[in-house]
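Now for the letters of each chain:
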Protein chains: 2
Amino acid sequence: MARKTSDSTVRRLSRYLRRLRKLDAQDRKVVSSRELAETTGTTAAQVRKDLSHFGSFGKRGQGYSVGDLRVHLEEILGLDHRWTVAVLGIGKIGSALLGYGYFTERGFDIAAAFDSDPSKIGSELGGVRIQPLNALEEAFREHRISIAIIATPVEAAQDAASRAVSAGARAILNFAPIKLSLPEGVALREMDVTLELEGLCYLVTEASTPADGPE
Amino acid sequence: MARKTSDSTVRRLSRYLRRLRKLDAQDRKVVSSRELAETTGTTAAQVRKDLSHFGSFGKRGQGYSVGDLRVHLEEILGLDHRWTVAVLGIGKIGSALLGYGYFTERGFDIAAAFDSDPSKIGSELGGVRIQPLNALEEAFREHRISIAIIATPVEAAQDAASRAVSAGARAILNFAPIKLSLPEGVALREMDVTLELEGLCYLVTEASTPADGPE
DNA sequence: ATGTTCTTGTGATTCACTTCACAAGCGGGA
DNA sequence: TCCCGCTTGTGAAGTGAATCACAAGAACAT
Ligand SMILES: NC(=O)c1ccc[n+]([C@@H]2O[C@H](COP(=O)([O-])OP(=O)(O)OC[C@H]3O[C@@H](n4cnc5c(N)ncnc54)[C@H](O)[C@@H]3O)[C@@H](O)[C@H]2O)c1
Ligand SMILES: NC(=O)c1ccc[n+]([C@@H]2O[C@H](COP(=O)([O-])OP(=O)(O)OC[C@H]3O[C@@H](n4cnc5c(N)ncnc54)[C@H](O)[C@@H]3O)[C@@H](O)[C@H]2O)c1
């Protein structure tokens, strides 16, 4: 079964799942592609195409069973089990992540936190003890950590990421504004606030250029 | 001049600019599309296509002048002047943003911060005083704030965003995991950590399905 | 001048994602 | 049983972005 699902499809699937979990909590039994589309910001046809890529989960004339589709999506996305995560760099962003309660209920456990600053080591945040970098390899092995979140200063980010990968990380979520180079096969996503802000600037600027009138 | 630049192009332009600023600081005079591509994670042809959409800034056989191209990109992206930003919700994420020194050197000034918690109001963080929500309209007017960053709990996000828009915000950067509905013409970008994490889970899961062998 | 080398700018092409449109199918009512 | 309203699943068509490939041009050496 040769998958080749695009990033944008995966992002939408995540959104559908988020919605389905909410509907499930509200005891809704079925949902149509139209409703799912409206509440996640896409089109009904897109929803059906996305899902049809993995199987046919709906009933014609009726819609999708909220519970069933939820389970299917969790399986497709690999969210049918919990994931163990490590955070590297417990500064402003790292601390915020350790204190973010929502991760747990979404299936992510922050199992370890690392910092190079001796004065931070040993203290606890969000129930996680901050460890020195030399404890990294063992912690990754012990907790079978597969995802590392990089929240170090930009100069340290590449080293931190490489080390996490050597220790067994198979995916990196990077908060530092730098292009990481990682070995083939390691997944990478970026959270780049400045990049997004600059994108907004472009849109605002473009929208207010008086140069071109309507049409 | 009918622009219709795609999001992905704008994102790349931001990356080029980031690189150019660094090269400029290092006193590099010229750069080729090839080098720019390699250091930003794309292809030379893509770099040239992106730029050619706005004009021809290079010299054949030589490459691009770092300084000139930098200025052009700043102008294209609307980064040839400073932008004033407000943060709504000064909790874990909001505090991290107020303390993020890098914004200033990238042309963004956080001019105002708002929170609904009376115990936070009046205190200062990163040189910005936290204000009550009822000061929002005046502050937006006074500082001509056009970008609002939403860092409130998810339940408060829609209200906060709507209020910012009414007060004059033309762009929203949203950290809350919810689909905001905003009037036409207001730009929106999302920072959704959980969505990115879930995307990573999919990639890791997919990469390790033993089902399909190589090719 | 002429040739050589290098790199841009850009039509043409390929590729991938989105939208369209409709047959297939389900449930309910008469 | 047959019909009707509704929604899915999916080929086909449409759209837009990425890649290719090469002529045009710039500098420099001879
Ligand atoms: N604060 C923000 O709002 C914000 C916004 C966008 C991006 N970022 C990026 O996120 C990253 C972290 O930002 P921050 O504001 O939390 O920085 P910070 O300075 O508050 O924290 C960085 C932490 O990393 C630790 N550290 C340094 N070197 C390390 C190493 N080699 N291994 C492990 N830990 C190490 C430091 O001791 C410190 O505790 C930076 O790359 C920054 O550019 C931050
Ligand atoms: N902490 C994280 O690492 C993290 C990660 C991803 C996403 N988020 C999202 O970012 C948002 C903020 O998260 P946080 O962890 O900083 O939360 P938080 O609870 O630490 O802070 C929220 C702040 O918003 C304030 N607030 C509440 N209602 C408000 C209103 N109507 N107007 C203005 N301020 C209001 C609260 O007083 C509080 O100070 C949430 O939506 C969260 O889901 C947080």
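Residues numbered from 1 in each chain as written. Chains lettered and ligands numbered in written order. Predicted model: local features only at pLDDT ≥ 70, side-chain atom pairs only at ≥ 80, totals over all residues. Heavy atoms only, no water.

Novice: Hey, could you run me through the protein's contact with DNA strand D in this one?
Specialist: Near DNA strand D there are 25 residues, and of these S33(A), R48(A), G58(A), Y64(A) and R60(B) occur at the shortest range. In the interface set of DNA strand D, defined as its atoms within 4 Å of the protein, sugar plus phosphate atoms amount to 64%. Between DNA strand D and Q46(B), the relevant distance is 3.3 Å, taken from a sugar or linking oxygen to a side-chain nitrogen or oxygen of the residue. Sorting the residues of the surface near DNA strand D by element identifies α3 (44–52), β2 (58–59) and β3 (63–65) of chain A together with α1 (7–25) and α3 (44–52) of chain B as the ones contributing at least two each. (Near = heavy atom within 4 Å. Polar contact = N/O pair within 3.5 Å; in protein donor to acceptor, adjacent residues only side chain to side chain. Helix = DSSP H or I, 4+ residues; strand = E, 2+ residues; numbered from the N terminus.)

Novice: Even after reading the chapter, I still don't get the site of ligand 2, so can you show me in this structure?
Specialist: Around ligand 2, the structure places 22 residues, and the nearest of them are Y100(A), I93(B), D115(B), K120(B) and T152(B). Neighbouring residues of ligand 2 are not confined to a single chain but are spread across chains A and B. Contact between ligand 2 and K120(B): an oxygen atom at 2.7 Å from a side-chain N or O atom of the residue. For ligand 2, an oxygen atom lies 3.5 Å from a polar atom in the backbone of V154(B). Mapped by element, the contributors of at least two residues to the shell around ligand 2 are α5 (92–98) of chain A together with α5 (92–98) and α8 (154–166) of chain B.

Novice: Teacher, can you tell me more about the sheet that holds strand β10 (residues 187–190) of chain A here?
Specialist: Paired through their backbone hydrogen bonds, the strands of a sheet run either parallel or antiparallel. Residue and element names in this part refer to chain A. Overall, mixed pairing links the seven strands, which are arranged β6-β7-β5-β4-β8-β9-β10 in an open sheet. Edge strands, defined here as strands with exactly one partner in the open sheet, are β6 (124–125) and β10. When strand β9 (residues 171–174) meets β10, the two strands line up parallel, connected through four bridges. What sits directly across from N174, in β10, is E190. In the packing of helix α7 (residues 136–143) onto the sheet, the strands contacted are β4 (83–88), β5 (108–114), β7 (128–131) and β8 (147–150), and the crossing angle to β5 comes to about 165°. (Pairing = 2+ DSSP bridges. Contact = heavy atoms within 4.5 Å. Axes fitted to C-alpha atoms, helices over the stretch in contact; angles between N-to-C directions.)

Novice: Help me understand the interface of chain A and chain B, please; the structure alone is not making it clear to me.
Specialist: Often the size quoted for an interface is simply the accessible area lost on bringing the parts together. Contact residues are listed per partner, giving 64 residues for chain A and 64 residues for chain B. Here chain A meets chain B over a buried area of about 5,800 Å², counting both sides, of which 68% is carbon and sulfur. Three residues, E196(A), E198(A) and Y202(A), lead the burial of chain A against chain B; their summed loss comes to 12% of the area buried on that side. There are 12 salt bridges connecting chain A and chain B. For R11(A), the salt bridge is made with E196(B), and the minimal N-O distance between the two is 2.6 Å. Remark: the boundary between chain A and chain B carries 16 residue pairs in polar contact (both at pLDDT 80 or more). Ranked by residue count, the leading element in the side of chain A that touches chain B is helix α9 (residues 193–207) of chain A, at 15 residues. Residue composition of the side of chain A that touches chain B, by class: 35 nonpolar, 11 polar and 18 charged. (Buried area = accessible area lost by both parts, 1.4 Å probe. Salt bridge = Lys/Arg side-chain N within 4 Å of Asp/Glu carboxyl O. Nonpolar A, V, L, I, M, F, W, Y, C, P; charged D, E, K, R; others polar.)

Novice: Help me understand the domain arrangement of chain A, please; the structure alone is not making it clear to me.
Specialist: By domain assignment, chain A separates into domain 1 (7–76) and domain 2 (83–195). A separation of 31 Å is found between the C-alpha centroids of domain 1 of chain A and domain 2 of chain A. (Domains from an automatic or database assignment.)

Novice: Whenever I open this one, unusual backbone geometry confuses me. Can you help?
Specialist: For residues that are not glycine, phi is negative in most cases, and the peptide bond is trans in most cases. All names here are of chain A. For D27, which is not a glycine, the phi torsion comes out positive at approximately 65°. By secondary structure assignment, the location of D27 is in the loop between α1 (7–25) and β1 (30–31). Positive phi, normally seen in glycine, also occurs at R144, with a value near 50°. Looking at the element boundaries, R144 is found in the loop between α7 and β8.

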